[in-house]
Amino acid sequence: MNRRQFLTIAALTGLTSACGSGGARRAATPGPTGFRTELRVPPLLEAEADRDGTRHFALTMQRGRSEILPGKPVETWGFNGPHLGPTIRAARGDKVRMTVTNRLAEASTVHWHGMRLPAKMDGGPHQLIEPGGTWSPHWTIDQPAATSWYHPHPHGVTAGHVYRGLAGMFIIDDGDTSGLPSEYGVDDVPLVLQDKELAEDGSPTGDTLSGTFGILGDRMLVNGTYAPFMNVRTERVRFRVLNGSNARRYNLTFGDGRRFHVVGNDAGLLAAPVEVEQVSLSPGERAEVVVGFAAGEEVLLRTVPGGDDIDEGDFDLLKLVAAEKLAPSPGLPARLAAPEPIVAPANARVRRFRLNGHDAINGKEMDMSRIDEVVPAGATEIWEIENTVYAHNFHIHEVAFQVLDVDGEQPPAYASGHKDTVYVPPKSTVRLAVRFGGFTDPVTPYMYHCHILRHEDSGMMGQFVIVEPGTEGQVPRTIATPHGPH
Ligand code: C2O
Ligand code: CU
Ligand code: CU
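This one's a predicted model, so the numbers in the text were calculated from it and none came from an experiment.

A. Main features of the overall build of the protein chain. Secondary structure assignment for the protein chain yields three helices and 33 strands. Scaling as 2.2 N^0.38, a compact globule of 486 residues should have a C-alpha radius of gyration of about 23 Å, and the protein chain matches this with 21 Å. Considered along the principal axes of its C-alpha atoms, the protein chain spans approximately 65 × 50 × 50 Å. Within the protein chain, buried positions represent 59% of all 486 residues. Across the protein chain, the fraction of contacts at a sequence separation of at least 24, relative to all contacts at a separation of at least 6, is 76%. Carbon together with sulfur atoms contributes 50% to the accessible area of the protein chain, which is approximately 18,000 Å² in total. In the protein chain, the 46 positive side-chain charges and the 59 negative ones have mean positions that sit 2 Å from each other.

See below:
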């Protein structure tokens, strides 16, 4: 009997399973009638304008109490509130400044996942914010329209910080949205997908560093809402879907098998909408999709098993309830404002990364004082990610990439756009054309890592710096870390 069959039997018989990390303890899908809490939509974070026009956003990391299960208040962490964080929205060309205050009892960081910016502003493990401290990065938004996000990145404890609720969306606008639905919270709606293991008292439990993958929970939250419904008021809705889970991969589909369109990947829009029945997202990945609705209908957004350890199980995620009369939506555009394709030159440098076990890349565990790779500014390189064992994924800070192939096969059309995170199936090799930015800093690294947070925390992460072309050989390979060199 395999694990999934065991879980099915366990669910049917009410057996308590103890089969490793994230073993489902009970059947947690409430069924269509159980979706009774209105979907929360994270508020947009208001910016203040500084004298020079810089848009200033303030975030406070804090502990609080929220009801994941109705009537059961439990401790959660959030930005500017008890759970999750507000949505930041900025446009290409905006100068932004963030004030991040840490009101937690421990040090953390805030990383702008998907953002092209100088390494010092990136919020990786080197930009620690001590309890009571404040960090104020600033940069100019200069990248195509995309759905990004932000989350903590303190080395070794990221999984716990994200799992308790520290995550938020960061939407980047870039001129004309080409007729895509764009009224935030109405027909342009963020969906942060996260799975939890909940104790009897409703609190998130589970050891984020246990087992092979850490937490694989059996309770699905969307924007922190368990068993949510959303009232649909327009003929079409654009969902900005983020897999904000520690380890779970989602294979998203609708209860009635309806087809829908993918319009964007992690780091930008596709050249044209791609019609699909199912979309897969591993942790950290995003997809923008446009879904059509008929007046008066109800349909469930679900995830179905994909055959790997991290996407076992059928779960309903969100019930969509269409109004009796829907406001008309713009027609789906035939072409979208996609960024230029990323093409690696014929003589592109090829770097190889082998994901070993769950705690190393190329045989090395993450070391904050070691620079693993030195990349010349503006380069387009081929990065080859080889996965020898079980499911992983791969995220690179600061860049945009396109997937060239997975074991020699092209990626599905819906995942052929600009990305920053990619699923690397067990025993496979993924090749990426990676475009690096132009912010040079020989002593402050960016990260690349598996975004299964248990793996990232255990050391499946490496560091690269971007330097002035021609100076690669002069760069120190050992740097000081926030707590001194190792
Ligand atoms: Cu979303 Cu290095 O992380
Ligand atoms: Cu990142
Ligand atoms: Cu991994």
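B. Inspection of the nonpolar core at higher detail. Grouped together as the largest cluster of nonpolar side chains are 35 residues, with contacts concentrated most on Leu191, Met230, Phe239, Phe293, Leu317, Leu318 and Leu320. In this structure, Phe239 is in contact with Val189, Leu191, Met230, Ala287, Glu288, Val289, Val291, Phe293 and Leu320, ignoring residues within four places of it in sequence.

C. Fine view of the coordination of the copper ion (ligand 3). Protein coordination at the copper ion (ligand 3) comes from His392 (ND1), Cys450 (SG) and His455 (ND1), with a distance range of 2.0 to 2.1 Å. Along the chain, the residues donating to the copper ion (ligand 3) are arranged with the sequence spacing H-x57-C-x4-H. Within this pair, whereas His392 is found in strand S28 (residues 392-396), its partner His455 is found in helix H3 (residues 453-458), the two being separated by 63 residues in sequence. Given a relative accessible area of 0%, His392 falls into the buried group.

D. Molecular detail of unusual backbone geometry. Even without being glycine, Ala227 reaches a positive phi, approximately 50°. Inspection of the secondary structure puts Ala227 in the loop between strand S14 (225-226) and strand S15 (228-234).

E. Examining the coordination of the copper ion (ligand 2) more closely. The protein atoms that coordinate the copper ion (ligand 2) are His111 (NE2) and His395 (NE2), at distances of 1.9 Å. Highlighted residues: His111 in strand S7 (residues 111-113) and His395 in strand S28, separated in sequence by 284 residues. Each member of the pair His111 and His395 is classed as buried.

F. Broad picture of the confidence of the model for the protein chain. Residues of the protein chain with pLDDT of at least 70 account for 92%, and the chain-wide mean is 92. In this model, residues 1-27 is a region of pLDDT below 50 whose contacts with residues beyond four sequence positions or in other chains number 43 contacts.

G. Structural view of the UniProt feature "domain: Plastocyanin-like" (unreviewed entry) in the protein chain. Listed under "domain: Plastocyanin-like" (unreviewed entry) in the UniProt record, and renumbered for this structure, are residues 62-175, 219-293 and 356-467. Secondary structure within residues 219-293 divides into 0% helix and 68% strand; the distance between the first and last C-alpha atoms comes to 26 Å. Secondary structure content for residues 356-467 is 5% helix and 45% strand, and the end C-alpha separation is 28 Å.

H. Quick look at the environment of Arg349. Within the element layout of this structure, Arg349 appears in the loop between strand S23 (315-327) and strand S24 (350-356). With a relative accessible area of 46%, Arg349 lands in the partly exposed category.

I. View of the sheet that holds S28. Taken in spatial order, the five strands line up as S26-S33-S32-S28-S30 in an open sheet, and their pairing is mixed. Because the sheet does not close on itself, it has two edges, and the strands there are strand S26 (373-376) and strand S30 (421-424). Here the strands of the sheet are splayed against their neighbours by 25° on average, with no regard to which way each runs. Sheet topology note: the S26/strand S33 (residues 461-467) ladder contains four bridges and is parallel. In the strand pairing of S33, Pro376 is matched with Val467.

J. Molecular detail of the pattern of salt bridges. The full count for this structure, using the stated rule, is 32 salt bridges. A salt bridge links Arg302 to Asp314, with the nearest nitrogen and oxygen atoms 3.6 Å apart. Here Asp314 lies in the loop between strand S22 (298-303) and S23 and Arg302 lies in strand S22, a separation of 12 residues in the sequence. Across the salt bridge formed by Lys364 and Asp372, the nearest N and O atoms sit 3.5 Å from each other. Through salt bridges with shared partners, a single network forms among Arg89, Asp173, Asp188, Arg238, Arg240 and Glu288.

K. Broad picture of the domain arrangement of the protein chain. Each assigned domain of the protein chain is listed here: domain 1 (22-27 + 180-327), domain 2 (38-173) and domain 3 (350-468). Distance between the C-alpha centres of domain 2 and domain 3: 23 Å. Here domain 2 and domain 3 share an interface that buries about 2,000 Å² over both sides, 59% of which is from carbon and sulfur atoms. Contact with domain 3 buries surface across domain 2, with Arg116, His126 and His155 losing the most and accounting together for 32% of the total. Our count for the contact surface shared by domain 2 and domain 3 stands at two salt bridges. Put simply, domain 2 and domain 3 have 19 residue pairs in polar contact (both at pLDDT 80 or more) between them. When contributions to the side of domain 2 that touches domain 3 are tallied by element, the ones reaching two or more residues are S7, strand S10 (146-151) and helix H2 (158-163). Looking at the side of domain 2 that touches domain 3, the element that brings in the most residues is H2, giving three residues.

L. Structural context of the sheet that holds strand S19 (residues 268-276). A sheet is described by the order of its strands in space; here seven strands give the open sequence S14-S13-S12-S16-S21-S18-S19, paired in mixed fashion. The open sheet has two free edges, formed respectively by S14 and S19, since each of these has just one partner strand. Relative to strand S21 (residues 286-292), strand S16 (residues 236-243) runs antiparallel, the two sharing seven bridges. Bridge pairing in S21 places Arg240 opposite Glu288.

M. Region of the structure containing the pairing of strand S6 (residues 95-102). Across the eight residues of S6, six count as buried, placing the element largely inside the fold. Bridge analysis of strand S3 (residues 55-69) against S6 gives seven bridges, and the strand direction is parallel. Bridge assignment links Arg55 to a residue of S6, and that residue is Val96. As defined by bridge partners, S6 adjoins strand S9 (residues 138-140) across three bridges and the pair is classed as antiparallel. Along S9, the bridge assignment pairs Lys95 with Thr140. Judged from the two bridges that link them, S6 and strand S8 (residues 134-135) form a sheet pairing that is antiparallel.

Conventions used here
Residues numbered from 1 in each chain as written. Chains lettered and ligands numbered in written order. Predicted model: local features only at pLDDT ≥ 70, side-chain atom pairs only at ≥ 80, totals over all residues. Heavy atoms only, no water. Helix = DSSP H or I, 4+ residues; strand = E, 2+ residues; numbered from the N terminus. Rg over C-alpha atoms; globule rule 2.2 N^0.38 Å. Buried < 20%, exposed > 50% of the residue type's maximum accessible area, 1.4 Å probe, protein only. Contact = heavy atoms within 4.5 Å. Areas by Shrake-Rupley, 256 points an atom, 1.4 Å probe, with all protein chains shown as cover. Lys, Arg positive; Asp, Glu negative; His and termini not counted. Charge placed at Lys NZ, Arg CZ, Asp CG, Glu CD. Core = buried A, V, L, I, M, F, W, Y, C linked by side-chain atoms within 4.5 Å. Donors = N, O, S within 2.8 Å, 3.2 Å for Na, K, Ca; no water. pLDDT = per-residue confidence, 0-100. UniProt positions renumbered as here; feature names shortened; annotations may be inferred. Pairing = 2+ DSSP bridges. Axes fitted to C-alpha atoms, helices over the stretch in contact; angles between N-to-C directions. Salt bridge = Lys/Arg side-chain N within 4 Å of Asp/Glu carboxyl O. Domains from an automatic or database assignment. Buried area = accessible area lost by both parts, 1.4 Å probe. Polar contact = N/O pair within 3.5 Å; in protein donor to acceptor, adjacent residues only side chain to side chain.

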